[in-house]
Amino acid sequence: METKEIIEAGRTAIGIEFGSTRIKAVLVDDAGKVLAQGGYGWENQYENGVWTYSLDMIWTGLQTAYTELREDVKKQYDADLKTVGAIGFSAMMHGYMAFDKDDNLLVPFRTWRNTITEEAAAALTKEFGFNIPQRWSIAHLYQAILNKEEHVKDVTFFTTLAGYIHWQLTGEKVLGVGDASGMFPIDSTTRNYNKEYMDKFDKLIEGEGFGWKLGDIIPGVLVAGESAGTLTEKGAKLLDVSGTLEAGIPLCPPEGDAGTGMVATNSVAVRTGNVSAGTSIFAMVVMEKALSKVHEEIDVVTTPSGDDVAMVHCNNCTSDINAWANIFREYSEAMGIEVDTNKLYTTLFKAALGGAPDCGGLAGFNYFSGEPVTGFDEGRPVFARKVNADFSFANFMRFNLYSAVSTLKVGLDILLKEEQVKVDKLFGHGGFFKTPEVGQRIMSAATGGPVTVMETAGEGGAWGIAVLALFLMKKEGRSLSEFLNEVIFAGEEGVEITASQEEIDGFDSFMKTFNATLPIEKAAVETL
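Bear in mind that the values here come from a model prediction, so they are computed numbers and not experimental data.

Participant: I keep staring at the overall build of the protein chain and nothing clicks. Help me out?
Facilitator: Within the protein chain one finds 18 helices and 22 strands. In terms of overall dimensions, the protein chain is globule-like: its C-alpha atoms have a radius of gyration of 23 Å, near the 24 Å expected for 528 residues. Taken along the three principal axes of its C-alpha coordinates, the protein chain extends 70 × 65 × 45 Å. When burial is assessed residue by residue, the protein chain has 57% of its 528 residues classed as buried. As displayed, the protein chain offers around 21,600 Å² of accessible surface, 49% of which is attributable to carbon and sulfur atoms.

See the structure below:
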């Protein structure tokens with residue numbers, strides 16, 4: 001009965017995150033424990049040269065995920081979800097959703113996945129002296145201007161996916177600072193857009209004759225814990241098609257998936273970081289001071305509190321491991337052996353720990369798609385070896401795990417060695433870390449420092465934004481980092497692993513071969 005009473009009293013929070021393949025909704029209690037969940041699977045569409053999701057897909061997905069959540073609450077606790085303490089929305093960062101004065105979407109939603117803004121990104125990077133990646137919203141806007149697209153003169157508001165959902169449900173045109181930092185550079189001293197760069201942008205487009213300046217059309221910026229409006233009557237009906245949910249519920253600032261990942265791994269404090277390793281892989285480190293110069297391999301975004309974060313993002317991680325695992329599965333089945341999937345992956349990963357620290361002369365690339373960090377627009381998976389290599393099962397599996405994180409190491413080496421960024425604690429989450437010890441030890445060898453995995457690492461971004469909604473309810477004068485340590489992660493240390501010096505040196509040796517053999521990947525792209 002106790003949980004039912006907590007739900008009916010509204011001592012809960014809802015978090016909903018739009019991932020690239022799944023929309024997930026969770027209900028948590030006031031200590032952050034997940035009580036119920038719902039979800040919806042979806043895929044982006046490639047239409048007229050643009051990766052997009054239609055507005056119909058967005059609303060169908062949101063309503064379905066929420067309906068599943070409401071039904072899960074009813075089934076588990078025999079309670080109606082009428083109100084909660086707070087709600088939060090998050091989504092894939094970056095991209096471009098532009099609206100006119102009548103709130104009509106002017107062009108189909110351009111997601112972060114589009115690489116159609118190379119000219120704009122390069123021009124803005126040069127103009128600002130600050131790295132502007134292709135997926136950033138400002139690159140999309142400026143590319144539309146360079147392309148002389150008709151719609152740009154009619155833009156009265158542009159935002160991210162999370163910002164759009166939040167606006168429709170509350171009427172507020174705002175973003176959390178972390179999500180905003182993927183639209184336009186943030187000044188971490190003001191926790192707002194960088195004014196110098198905004199002035200430079202306005203000057204760049206002066207001759208275009210638009211009736212707006214950038215500050216007129218970009219969302220307002222809020223930090224974690226600030227009120228971002230309340231659920232309107234219209235918003236309540238949009239979210240809950242059953243009409244059960246009441247209006248007036250407070251909402252926290254909408255955030256991006258990078259920010260919710262930081263919250264979910266308790267890595268929002270300075271000198272902490274996290275590595276998310278699944279289909280793609282990215283690392284984020286909260287910095288004490290700004291980088292000394294522009295590095296195209298490194299994005300600078302912020303935590304949900306507005307502190308600078310260096311981010312290395314790579315497109316490829318576990319896809320090639322999965323492909324080889326399938327080969328081993330097919331071999332086993334051909335031998336008349338049925339293999340359990342969990343046992344297959346655990347066996348493959350554990351075998352890697354028996355391999356030589358430098359993989360014994362094996363080399364290659366896990367590139368299913370391009371990797372901007374190493375300068376590739378396309379990818380081809382490649383495996384190569386020296387004639388006298390120690391071609392053993394253990395070395396082959398160790399090579400596969402090294403290959404999954406080697407491009408990330410290129411960016412991290414710039415950060416940790418060249419820029420001397422300090423990291424006291426690095427948290428790992430995602431499928432790469434599922435087998436105990438193995439992924440952690442490999443990542444530690446790559447970074448040269450300890451890697452920690454928490455029990456909550458599998459909860460993900462929907463849980464992260466639910467925690468940010470809780471912070472709005474219960475901050476009580478605490479910083480976000482203090483709230484996470486004292487309320488959400490109290491007593492949870494996680495498992496920490498540090499690679500041996502031999503393993504760290506071995507990975508460095510492997511990287512010398514990796515860098516020297518990049519021409520093999522180039523030839524594969526050109527000829528295969």
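Participant: I keep staring at helix H5 (residues 161–170) and nothing clicks. Help me out?
Facilitator: One turn of the α-helix equals 3.6 residues, which is why residues spaced by three or four share an orientation. Of all 10 residues that make up H5, 10 are buried, and the element is covered over most of its length. Among the residues making up H5, those that are buried are Leu 161, Ala 162, Gly 163, Tyr 164, Ile 165, His 166, Trp 167, Gln 168, Leu 169 and Thr 170. Just downstream of H5 lies Gly 171, where phi reads positive at about 85°.

Participant: Honestly, the pattern of salt bridges in this entry has me stumped. Any pointers?
Facilitator: A side chain of one charge can pair with a side chain of the opposite charge when the charged atoms of the two come close. For the structure shown, the criterion picks out 29 salt bridges. Linking Arg 70 and Asp 240 is a salt bridge whose minimum nitrogen-to-oxygen distance equals 3.3 Å. Here the residue Arg 70 occupies a position in helix H2 (residues 55–77), and Asp 240 occupies one in the loop between helix H9 (233–239) and strand S13 (255–256), the gap between them amounting to 170 residues. Arg 70 gets classed as buried once you look at its relative accessible area, which sits at 18%. Judged by its relative accessible area of 1%, Asp 240 falls in the buried class. Each of Lys 4, Lys 74, Asp 78 and Asp 80 takes part in one network of salt bridges that share partners.

Participant: Just checking my understanding: could you explain unusual backbone geometry for this structure?
Facilitator: What is expected of a backbone is that most residues other than glycine have negative phi and most peptide bonds are trans. Non-glycine residue Cys 359 carries a positive phi angle of around 70°. Take Cys 359: it is sitting in the loop between helix H12 (341–352) and strand S18 (362–365). The buried category is assigned to Cys 359, whose relative accessible area is 0%.

Participant: What am I meant to see in the nonpolar core here?
Facilitator: In summary, soluble globular proteins display a tendency toward joint burial of nonpolar side chains. The biggest cluster of nonpolar side chains holds 131 residues, and the ones touching the most others in it are Leu 141, Phe 158, Phe 201, Leu 214 and Phe 432. When sequence neighbours within four positions are dropped, the list of residues in contact with Phe 201 reads Leu 124, Phe 128, Ile 138, Leu 141, Tyr 142, Ile 145, Trp 212 and Leu 214. Leu 62, Tyr 66, Phe 89 and Ile 165 belong to the second-largest nonpolar core, a separate cluster that totals 42 residues.

Participant: What is the right way to read the sheet that holds strand S14 (residues 272–277) from this model?
Facilitator: The strand order S16-S17-S15-S14-S20-S21-S22 describes an open sheet built from seven strands, whose pairing is mixed. Bordering the open sheet on either side are strand S16 (299–302) and strand S22 (495–497), each of which pairs with just one other strand. Taking each pair of neighbouring strands and ignoring which way they run, the sheet shows an average axis angle of 25°. Packing of helix H13 (residues 393–418) onto the sheet brings it into contact with S14, strand S15 (281–286) and strand S17 (308–314), and relative to S15 it is tilted by some 25°.

Participant: Looking at this model, I keep getting lost on the side chain of His 94. Mind explaining?
Facilitator: Along the chain, His 94 falls in the loop between strand S6 (86–91) and strand S7 (97–99). Side chain to side chain, His 94 and Arg 135 meet in a polar contact 3.3 Å long. Polar side-chain contacts of His 94 include one of 3.0 Å to the backbone oxygen of Gly 182. Not counting the four nearest positions on each side in its chain, His 94 is found in contact with Trp 112, Arg 135, Trp 136, Ser 137, Thr 160, Asp 179 and Gly 182.

Participant: Please clarify how helix H15 (residues 460–474) should be interpreted in this entry.
Facilitator: With 15 residues, H15 ought to run about 21 Å at 1.5 Å a step, and its terminal C-alpha atoms sit 21 Å apart, in line with that. Within H15, 12 of the 15 residues are buried, which leaves it mostly tucked inside the rest of the structure. Among the residues of H15, Gly 461, Ala 462, Trp 463, Gly 464, Ile 465, Ala 466, Val 467, Leu 468, Ala 469, Leu 470, Phe 471 and Leu 472 are the ones counted as buried. Phi turns positive, to about 45°, at Glu 476, one or two residues after H15.

Participant: Help me out: how do you make sense of the sheet that holds strand S3 (residues 34–41) in this one?
Facilitator: In any sheet, the strands associate via hydrogen bonds between backbone groups, in a parallel or an antiparallel arrangement. Spatially, S3-S2-S1-S6-S13 is the arrangement adopted by the five strands of the open sheet, whose pairing is mixed. Looking at which strands have only one partner, the edges of the open sheet turn out to be S3 and S13. The strands touched by H15 are strand S1 (12–18), strand S2 (22–29), S3, S6 and S13; relative to S1, the strand with the most contacts, the crossing angle is about 140°.

Participant: What am I meant to see in the packing of aromatic side chains here?
Facilitator: To describe a pair of aromatic rings, one takes the distance between the centres and the angle between the planes. Summed over all chains, the structure comprises 37 aromatic pairs. An angle of 10° between the planes, with centres 5.0 Å apart, marks the rings of Phe 128 and Tyr 197 as stacked. Here Phe 128, found in helix H3 (residues 118–128), pairs with Tyr 197, found in helix H7 (residues 195–204); they are 69 residues apart in sequence, far enough to count as distant. With respect to burial, Phe 128 and Tyr 197 carry one shared label: buried. Aromatic pair Phe 184 and Tyr 193: ring centres 6.1 Å apart, planes at 85°, arrangement edge-to-face.

Participant: Could you clarify how one ought to interpret the packing of H12 against H13 in this entry?
Facilitator: When two helices pack together, you describe them by how their axes are tilted relative to each other and by the distance separating the axes. Running from N to C, H12 and H13 point in directions that differ by 100°, and their axes come no closer than 7 Å. Taken together, H12 and H13 sit at an angle that is classed as roughly perpendicular. Seen from H12, the contacting residues are Leu 348, Phe 349, Ala 351 and Ala 352; seen from H13, they are Phe 393, Ala 394, Met 397, Arg 398 and Leu 401. Looking at the contact of H12 with H13 residue by residue, the classes come out as eight nonpolar, no polar and one charged.

Participant: Any chance you could explain the packing of H13 against helix H14 (residues 438–447) here in plain terms?
Facilitator: It is the contact of H13 with H14, at a shortest axis distance of 8 Å, that shows an interaxial angle of 40°. In terms of orientation, H13 lies oblique with respect to H14. Considering the relative orientation of H13 and H14, their crossing is right-handed. Contacts between H13 and H14 involve Arg 398, Leu 401, Tyr 402, Val 405, Leu 408, Lys 409, Leu 412, Asp 413 and Leu 416 from the first element and Val 438, Ile 442, Met 443, Ala 446 and Thr 447 from the second.

Participant: How should I be thinking about a nonpolar patch on the surface in this particular structure?
Facilitator: On the surface, Tyr 331, Met 335 and Ile 337 cluster together into a nonpolar patch covering about 340 Å² of accessible area. When you line up the elements, Tyr 331 lands in helix H11 (residues 319–334).

Participant: Can you help me understand the environment of Glu 246 in this one?
Facilitator: Counting through the fold element by element, Glu 246 comes out in the loop between H9 and S13. Judged by its relative accessible area of 41%, Glu 246 is partly exposed. When the C-alpha atoms of Glu 246 and Ala 236 are compared, they prove to be 6.4 Å apart, with 10 residues separating the residues in sequence. Beyond its immediate stretch of four places on either side in the chain, Glu 246 contacts Lys 82, Thr 83, Leu 231 and Ala 236.

Cut-offs applied
Residues numbered from 1 in each chain as written. Predicted model: local features only at pLDDT ≥ 70, side-chain atom pairs only at ≥ 80, totals over all residues. Heavy atoms only, no water. Helix = DSSP H or I, 4+ residues; strand = E, 2+ residues; numbered from the N terminus. Rg over C-alpha atoms; globule rule 2.2 N^0.38 Å. Buried < 20%, exposed > 50% of the residue type's maximum accessible area, 1.4 Å probe, protein only. Areas by Shrake-Rupley, 256 points an atom, 1.4 Å probe, with all protein chains shown as cover. Salt bridge = Lys/Arg side-chain N within 4 Å of Asp/Glu carboxyl O. Core = buried A, V, L, I, M, F, W, Y, C linked by side-chain atoms within 4.5 Å. Contact = heavy atoms within 4.5 Å. Pairing = 2+ DSSP bridges. Axes fitted to C-alpha atoms, helices over the stretch in contact; angles between N-to-C directions. Polar contact = N/O pair within 3.5 Å; in protein donor to acceptor, adjacent residues only side chain to side chain. Expected span 1.5 Å × (residues − 1). Phe/Tyr/Trp six-rings, centres within 6.5 Å; stacked < 30°, edge-to-face > 60°. Parallel < 35°, antiparallel > 145°, perpendicular 65-115°, else oblique. Nonpolar A, V, L, I, M, F, W, Y, C, P; charged D, E, K, R; others polar. Left-handed = near helix turned anticlockwise from the far one by under 90°. Patch = residues over 30% accessible without salt bridge, like charges linked within 9 Å, V, L, I, M, F, W, Y side chains within 5 Å.

These values are about where atoms sit, not about what they do.
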